[in-house]
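# Structural description and commentary
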Amino acid sequence: MPLQQDVIDRLLIAKDLLNTIRFVPTVRPDRITLARHILTAHDTADLAIAGIARHLNKLPQGQQVYLMDYFPKIKECHPTEEVPGRDYFAQLNRVRNDIKHHGIFPDMQQWHRVAERTYEYI
């Protein structure tokens, strides 16, 4: 099945967003930069995973759909296999929620490559 234009657009936007942070020449970004990278990576993942779900005709129902809502629907395509990257994106989602809702900053050592890892999974 050929990709629909809206799916292509989502993937291109996701790639562009990630490219703005992916090649930042900082081995250890400060905590504000790292938080921005995590928020950007999460938004990027949301765009890309939504595009994948759309392509597979497996969009979750509801007015508000969150990143982790896509994975059970995508898994329906291959019920015996885990969706690649699901655990990573669950961690990214938790870290993003900690930043956004609680003001808790992530471990820099664990998350300094968030852009590269997100790009690899997408």
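Preceding this paragraph is the structure being described.
The notes below deal with the structure included here. (Residues numbered from 1 in each chain as written. Predicted model: local features only at pLDDT ≥ 70, side-chain atom pairs only at ≥ 80, totals over all residues. Heavy atoms only, no water.)

Along the chain, Asn 93 turns up in helix 4 (residues 86–102). Accessibility expressed as a relative area gives 16% for Asn 93, which makes it buried. With residues up to four places along the chain from it excluded, the contact list for Asn 93 reads His 42, Leu 67 and Met 68. (Helix = DSSP H or I, 4+ residues; strand = E, 2+ residues; numbered from the N terminus. Buried < 20%, exposed > 50% of the residue type's maximum accessible area, 1.4 Å probe, protein only. Contact = heavy atoms within 4.5 Å.)

For the rest of this paragraph, the subject is the environment of Gln 109. With respect to the element layout, Gln 109 can be found in helix 5 (residues 108–111). Taking the relative accessible area as the measure of exposure, Gln 109 reaches 49% and is therefore partly exposed. The sequence separation of Gln 109 and Pro 29 amounts to 80 residues, and the corresponding C-alpha distance is 9.7 Å.

For the coordinates displayed, the defined rule picks out five aromatic pairs. With a centroid separation of 5.1 Å and 25° between ring planes, the pair formed by Tyr 88 and Tyr 121 is classed as stacked. One end of the pair, Tyr 88, is in helix 4; the other, Tyr 121, is in helix 6 (residues 114–121), and 33 residues separate them in sequence. Judged by relative accessible area, which is 5%, Tyr 88 ranks as buried. What makes Tyr 121 partly exposed here is its relative accessible area of 37%. With 5.9 Å between their ring centres and 65° between their planes, Phe 89 and Tyr 121 make a pair best called edge-to-face. With a gap of 32 residues between them, Phe 89 in helix 4 and Tyr 121 in helix 6 connect regions that are remote in the sequence. The ring of Tyr 119 carries Arg 22 above its face, with NZ or CZ at 3.5 Å from the centroid. Cation over ring: Arg 31 sits above Phe 105, and NZ or CZ is 4.0 Å from the ring centre. (Phe/Tyr/Trp six-rings, centres within 6.5 Å; stacked < 30°, edge-to-face > 60°. Lys NZ or Arg CZ within 6 Å of the ring centre and 35° of its normal.)

Function-wise, these values are silent; they only describe arrangement.
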